[in-house]
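# Residue-level structural notes
Residue strings, one per chain:
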Amino acid sequence: MLNRFRFLSSIRSRLALLVAACLIPASLIAVALLSYDYYRNREALRDSAVITARTIASLVDQQFSGINATLGALATSPALSSRNLKTFYGQALQVLPSQPIQNLMLMDPEGQQLLNTLRPFGERLPRVADSAMLRPLARGDGPVISGLILGAVTGKPQVAICVPIHDKGKHIYSLCAVQPAEQFAQLLHQQQLPADWIVAVLNSGGRMIARSHDMARYLGMPASRDLQEALSFDNEGWFEGKTSEGIPVLAAFSRSTLSNWYIAIGIPAASIAAPAAQKLGWLACTILLLLGASVVVAHVIGRSISQAVHGLVAPALALGHGRELTIPRLNLLEADEVAVALTQASSMLARAQYQATHDALTELPNRSFFNDFVAKQAAHAKRYRSDFSILYIDLDGFKPVNDIHGHAAGDAVLCAVGRRLRASLRESDVAARLGGDEFAVVLVNTTGEAARKLADKLIAVLSAPYDIEGGTARISASIGIAGCEDANQMGVNILQLADTAMYLAKAAGKGRVICSSGMKAAG
Ligand SMILES: Nc1nc2c(ncn2[C@@H]2O[C@H](COP(=O)(O)OP(=O)(O)OP(=O)(O)O)[C@@H](O)[C@H]2O)c(=O)[nH]1
């Protein structure tokens with residue numbers, strides 16, 4: 001069960017979640033901002049395209065009105081009313097360089113050219129057969145702008161702006177200024193619009209007069225279906241559709257007020273989306289880089305934290321076993337704080353254990369420790385068939401020390417007894433204070449005569465005078481000895497057996513040793 005959630009609950013997985021929790025919303029916000037930016041740019045581009053279309057349309061109108069004014073002035077020439085066409089030809093040649101036109105042409109009401117500045121005066125000229133233009137001129141309407149016509153002299157596509165000339169109410173001539181279609185294309189190029197914008201000049205009938213791209217292919221052709229539909233609804237506006245060649249565009253258009261010609265601008269959808277796609281690519285790269293860097297940093301941080309936390313496991317287990325701890329620096333503030341707390345807890349635990357098992361005055365093991373030690377020693381002896389003895393020691397004449405020299409002197413004597421006992425024993429033997437003036441000793445692997453000899457030695461040692469404040473104290477000791485084997489055979493507690501032997505020693509006159517084996521023999 002724990003393993004199942006191991007990944008979810010580890011520090012590294014939490015850090016990975018943190019990285020994801022920061023990066024995912026940030027990425028979503030960035031994408032939202034990008035799309036907002038894309039739509040704002042698109043709107044700005046659309047509005048600027050509409051304004052540009054309107055500007056070009058007014059430029060076309062300006063040209064037409066300039067040409068119209070020139071034609072109007074020439075039409076009043078007396079040379080025309082006097083039918084002096086040669087003089088008029090000269091006047092036309094003079095006007096030509098100052099106008100944005102290719103040539104001037106005069107024709108009779110039937111369309112027969114009478115003069116054309118492209119040809120020397122008097123040369124025989126072809127007839128104009130554009131009835132759509134001749135008819136309104138015959139009615140006296142003017143100016144009339146032709147559709148795209150193939151020049152009778154130049155053989156090139158061109159547009160003619162014509163005015164009828166009357167004499168005494170009779171239509172005698174039509175004067176035309178001719179502009180090649182190429183001139184409108186130049187007007188478009190002069191605007192220096194972005195190279196991928198597809199710009200077209202359409203006449204009032206929706207036919208292509210000039211185009212920024214692929215002009216030769218689409219000249220004279222009707223506008224694309226999408227543009228035709230848009231033009232039928234509005235004089236100015238925008239729409240999303242396709243160009244004649246099928247390119248998806250955001251298109252803007254505007255109709256000129258004088259000529260009713262249209263300017264249409266198509267911005268390829270791909271070129272609008274390209275900057276956004278590029279930004280999106282950069283964003284994706286940045287997010288991936290950030291993600292990679294964050295994952296690496298999270299991994300490094302996670303590893304250092306988990307190492308620090310794992311560094312606390314062994315000390316915590318050692319603390320459970322009551323061992324004193326030394327924890328090296330973990331290089332993580334919180335883990336180091338826990339390490340300090342564990343170290344302090346281990347010291348407190350060790351102190352408490354010491355206090356629970358040692359006598360505060362003599363610092364010898366106390367009765368509780370002694371009982372545990374004897375029990376372990378008994379188990380060991382049983383298993384390995386070894387032996388040990390216990391000496392139960394009660395001081396003789398200790399009460400008078402207290403009474404004569406005071407309790408502090410009594411304490412000092414008890415401490416000195418402890419030191420003398422320790423000094424007289426082997427390292428493996430254990431001396432304890434059982435309470436009051438009672439002490440006990442475990443002699444490991446020692447029985448019989450050896451134990452008795454040591455007991456005699458202890459009585460001599462403990463009976464030596466004690467230097468205390470203000471004098472000397474003298475005491476002695478009564479010792480009862482019990483062997484492990486004797487206790488087992490008799491089926492009694494070894495400590496009780498030694499205690500009983502000690503009481504017999506007291507009863508026998510103090511300052512002596514009684515062995516439990518002797519008691520058995522006596523019994
Ligand atoms: N100074 C001091 N005295 C203690 C302490 N514990 C017990 N005693 C005293 O030790 C004495 C022990 O009593 P007894 O064993 O009857 O005194 P004793 O004079 O040795 O008597 P016998 O064993 O019959 O020789 C009592 O007076 C207790 O008050 C202690 O920690 N410090």
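Scroll up to find the structure this text is about.
Residues numbered from 1 in each chain as written. Predicted model: local features only at pLDDT ≥ 70, side-chain atom pairs only at ≥ 80, totals over all residues. Heavy atoms only, no water.

## Here we look at the nonpolar core
Counting residues in each nonpolar core, the largest one holds 47 residues, and the members touching the most others are Leu106 and Phe184. Here this core takes 10 residues from helix H2 (residues 11–75), the largest share from any one element. Excluding residues within four positions of it along the chain, Phe184 makes contact with Val60, Gln63, Phe64, Val159, Gln179, Val201, Ile209, Ala210 and Trp261. (Core = buried A, V, L, I, M, F, W, Y, C linked by side-chain atoms within 4.5 Å. Buried < 20%, exposed > 50% of the residue type's maximum accessible area, 1.4 Å probe, protein only. Helix = DSSP H or I, 4+ residues; strand = E, 2+ residues; numbered from the N terminus. Contact = heavy atoms within 4.5 Å.)

## Considering the sheet that holds strand S13 (residues 430–435)
In spatial order, the strands read S13-S14-S12-S17-S18; together these 5 strands make up an open sheet with mixed pairing. Two strands lie at the open edges of the sheet, namely S13 and strand S18 (513–515), each paired on one side alone. Each neighbouring strand pair of the sheet contributes to a mean axis angle of 20 degrees, computed without reference to strand direction. Helix H12 (residues 367–384) contacts strand S12 (388–396), S13 and strand S14 (438–444) of the sheet and is inclined by roughly 25 degrees relative to S14. Packing of helix H17 (residues 494–507) onto the sheet brings it into contact with S12, S14, strand S17 (476–483) and S18, and relative to S17 it is tilted by some 140 degrees. (Pairing = 2+ DSSP bridges. Axes fitted to C-alpha atoms, helices over the stretch in contact; angles between N-to-C directions.)

## Considerations on the pairing of S14
Taken residue by residue, a regular strand's side chains alternate between the two faces of the sheet. Within S14, 7 of the 7 residues are buried, leaving the element largely enclosed by the surrounding structure. Taking every second residue as pointing to the same face, both faces of S14 are buried, with Glu438, Ala440, Val442 and Val444 on one and Phe439, Val441 and Leu443 on the other. Bridge count between S13 and S14: 5 bridges; the pairing is antiparallel. Each residue of the ladder has a partner; that of Val430, found in S14, is Val442. The hairpin formed by S13 and S14 contains 2 residues between the paired strands, and Gly436 there has a positive phi angle of roughly 50 degrees.

## A few points about unusual backbone geometry
The backbone of Lys168 sits at a positive phi, close to 55 degrees, despite the residue not being glycine. Counting through the fold element by element, Lys168 comes out in the loop between strand S5 (157–167) and strand S6 (170–180). Within the chain, Asn260 stands out as a residue other than glycine whose phi angle is a positive 65 degrees. Following the sequence through the fold, Asn260 ends up in the loop between strand S10 (248–255) and strand S11 (262–268).

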